[in-house]
Amino acid sequence: MGSLKGAMKVEKLKEGRHTETRQRWVKVPLKILQEGKVTVLLPDEKVLGSEAAKKVLFYNAFTAFSRDFSLCFLKTYARLKGRPIRVAEPLTASGVRGLRYAKEVDEVREVVISDINPVAVDFARMSVALNGLQCKVRVELSDANEFLSAHGVKGGRFDVVDVDPFGSPAPYVDSAIRSTLIGGVIAVTATDMPPLCGVYPEVALRRYGGLSLRTEYCHEIAVRLLLYLLYREASKYNLSIKPLTAHSTRHYVRVYVQLLSTKSVGGVGFLYHCFKCLHREVVDISDVGLRSTLCENCGGAMKLAGPLWTGAIFDKRFCEELCATLSMMDYLSSKSSLKKLLSLIVAEADGPPTYYTLSSLSRVYRIREPKTQKLIERLRSQGFYASPTHFNFKGLRFNGRISELLNFLMS
Ligand SMILES: C[S@@+](CC[C@H](N)C(=O)[O-])C[C@H]1O[C@@H](n2cnc3c(N)ncnc32)[C@H](O)[C@@H]1O
Ligand SMILES: [Zn+2]
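Only a predicted model underlies this, so the values are computations on that prediction, with no experimental measurement involved. (Residues numbered from 1 in each chain as written. Chains lettered and ligands numbered in written order. Predicted model: local features only at pLDDT ≥ 70, side-chain atom pairs only at ≥ 80, totals over all residues.)

Novice: How would you explain the overall build of the protein if you had to name every residue and give the values?
Specialist: In terms of regular secondary structure, the protein is built from 15 helices and 16 strands. In summary, the protein has a C-alpha radius of gyration of 23 Å against a globular reference of 22 Å for 411 residues, a match within 12%. Here the C-alpha coordinates of the protein stretch approximately 70 × 45 × 40 Å along the principal axes. Put simply, the protein has 411 residues, and 46% of those count as buried. (Helix = DSSP H or I, 4+ residues; strand = E, 2+ residues; numbered from the N terminus. Rg over C-alpha atoms; globule rule 2.2 N^0.38 Å. Buried ≥ 20, exposed ≤ 12 C-beta atoms within 10 Å, placed from the backbone.)

Novice: Summarise the nonpolar core; cite the residues concerned and give the values.
Specialist: Nonpolar side chains tend toward joint burial in soluble globular proteins. Counting 112 residues, the largest nonpolar core has Ile 186, Leu 225, Leu 226, Leu 227 and Leu 230 as the members making the most contacts within it. By residue number, the principal contributor to this core is helix α10 (residues 218-235), which donates 11 residues. If we ignore the near neighbours within four places in the chain, the residues touching Ile 186 are Val 161, Val 163, Ala 176, Ile 177, Thr 180, Leu 230, Val 257 and Leu 259. (Core = buried A, V, L, I, M, F, W, Y, C linked by C-beta atoms within 7 Å. Contact = placed C-beta atoms within 7 Å.)

Novice: Describe in detail the environment of Leu 271, supporting the description with residues and values.
Specialist: Looking at where Leu 271 falls in the secondary structure, it is placed in strand β11 (residues 268-273). By the C-beta count within 10 Å, which is 26 here, Leu 271 ends up buried. Residues Leu 271 and Thr 357, 86 residues apart in the sequence, show an inter-C-alpha distance of 17 Å. When sequence neighbours within four positions are dropped, the list of residues in contact with Leu 271 reads Ile 221, Arg 280, Val 282, Ala 305, Gly 306, Leu 308 and Thr 354.

Novice: Which residues make up unusual backbone geometry, and what are the values?
Specialist: Excluding glycine, most residues fall at negative phi; most peptide bonds, likewise, are trans. Cis geometry marks the peptide bond from Gly 306 to Pro 307, where omega comes out at 5°. With respect to the helices and strands, the residue Pro 307 is situated in strand β13 (residues 303-309). For Arg 250, which is not glycine, the phi torsion reads 45° and is therefore positive. Turning to its location among the elements, Arg 250 is positioned in the loop between β9 (240-249) and β10 (252-260).

Novice: Got a sec to walk through the site of ligand 1? Specific residues and values, please.
Specialist: Close to ligand 1 lie 20 residues; Leu 91, Ala 93, Ile 116, Ala 144 and Asp 164 are nearest. Split into classes, the residues belonging to the shell around ligand 1 amount to 11 nonpolar, 4 polar and 5 charged. (Near = placed C-beta within 6 Å. Nonpolar A, V, L, I, M, F, W, Y, C, P; charged D, E, K, R; others polar.)

Novice: Tell me what's going on with the packing of helix α6 (residues 144-151) against helix α7 (residues 170-178), and back it up with residues and numbers.
Specialist: It is the contact of α6 with α7, at a shortest axis distance of 8 Å, that shows an interaxial angle of 20°. Between α6 and α7, the angle falls in the class roughly parallel. The crossing of α6 and α7 is left-handed. Across the interface between the two elements, Ala 144, Asn 145, Leu 148 and Ser 149 from α6 touch Pro 171, Tyr 172, Ser 175, Ala 176 and Arg 178 from α7. Of the residues in the contact of α6 with α7, the class split is 5 nonpolar, 3 polar and 1 charged. (Axes fitted to C-alpha atoms, helices over the stretch in contact; angles between N-to-C directions. Parallel < 35°, antiparallel > 145°, perpendicular 65-115°, else oblique. Left-handed = near helix turned anticlockwise from the far one by under 90°.)

Novice: So what's going on with the environment of Leu 260? Residues and values would help.
Specialist: Among the secondary structure elements, Leu 260 is positioned in strand β10. The residues contacting Leu 260, other than those within four sequence positions of it, are Ile 182, Leu 239, Ser 240, Ile 241 and Lys 242.

Novice: Describe the pairing of strand β7 (residues 158-163), listing the residues and the values that go with them.
Specialist: Counted residue by residue, β7 has 6 buried out of 6 residues, so it is predominantly covered. Direction of pairing for strand β4 (residues 85-89) relative to β7: parallel, over a ladder of 2 bridges. Bridge pairing in β7 links Val 87 to Val 160. Summarising the sheet, β7 and strand β8 (residues 180-190) pair through 5 bridges and their orientation is parallel. Residue pairing for β8: Val 161 is matched across the bridge by Ile 186. (Pairing = 2+ DSSP bridges.)

Written as structure tokens, this is what we have:
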């Protein structure tokens with residue numbers, strides 16, 4: 001990591017609009033950072049202070065994990081596709097993600113990266129040159145929706161579109177779908193966890209089209225609401241989605257879905273949850289009017305989340321391929337944590353929707369908290385489906401009823 005001084009052109013934007021009004025040259029201290037196999041130029045936060053550096057250009061070292069996962073994903077997808085692919089990253093910031101796609105995945109023929117921040121675009125262009133990637137990476141200064149819409153035409157669509165914004169991706173999903181090839185993949189990050197996790201359900205309804213709920217498995221609900229948004233936006237065009245993988249890490253959730261040409265109404269419904277006894281039920285959208293809102297286990301009133309995606313959120317075979325790819329990526333700095341994450345994902349991939357947490361079971365039923373792994377083994381030995389989950393290290397996926405689980409816990 002080094003530090004150097006450089007002059008950066010800063011173009012001021014009119015508030016709320018994308019028109020350039022005036023230009024000035026300011027001196028921005030620069031630093032060089034290595035991530036994966038690329039080198040990126042960033043504003044030097046040691047000189048500027050971290051807040052000022054963030055205002056110039058966004059770069060988060062903690063999300064290198066998300067980028068490592070994305071690299072593993074793209075390598076796998078490209079390998080299975082078996083032909084050169086094109087990728088778009090319309091909210092690129094420093095360009096690090098797009099640069100890594102171009103450098104680290106041999107099958108990538110072209111990456112087009114774009115950002116609305118002209119300073120970010122300048123930095124990204126310099127980093128492209130620094131890595132000698134001019135023949136593979138194109139950088140544009142554009143609003144994400146304008147950029148994606150311009151590519152949403154025959155010959156312009158991408159194999160993979162990666163939407164990684166601040167907060168909610170909801171404003172970009174429609175244009176991301178229009179600019180993705182059938183059979184291609186849309187990777188989407190959401191960081192607006194308070195709405196998605198049930199703190200502000202009505203905000204989730206506005207952004208994602210479904211109500212969130214503050215349960216012990218609210219991070220899974222977050223993933224399901226995000227998938228529902230993708231499903232709904234794709235349905236408008238008579239397309240459907242196939243979730244390949246997803247993860248909830250730190251302050252964000254991220255999903256990877258394949259766009260399919262088939263029409264589909266399956267995989268959508270509501271989740272009913274009883275806070276009194278922790279019983280929960282997935283109700284298909286067509287059965288909603290037929291279902292009582294009283295808990296069939298304890299008679300209490302059930303709360304509702306959705307509409308949301310109720311189908312599978314992982315494709316087990318694809319996730320196994322991710323593990324195989326990862327085993328060949330020794331250079332990744334987060335290889336060992338990714339390996340743990342992927343093995344949990346493979347373990348839970350075929351499990352039923354929602355999970356219990358041992359802490360909420362012990363709080364509601366006033367029992368000693370059992371060890372997750374021991375409980376899983378006992379449940380399996382009795383013929384139940386039981387698995388851990390990457391969403392919560394004290395989580396348990398289980399295909400029986402809450403009363404059956406309690407029998408186990410109490411015995
Ligand atoms: C979270 S950062 C992207 C981080 C990046 N993907 C990475 O992995 O490091 C979000 C970026 O979106 C850009 N942005 C915000 N609104 C935009 C819009 N309407 N169109 C294009 N870019 C936008 C911001 O300037 C910022 O650089
Ligand atoms: Zn109940």
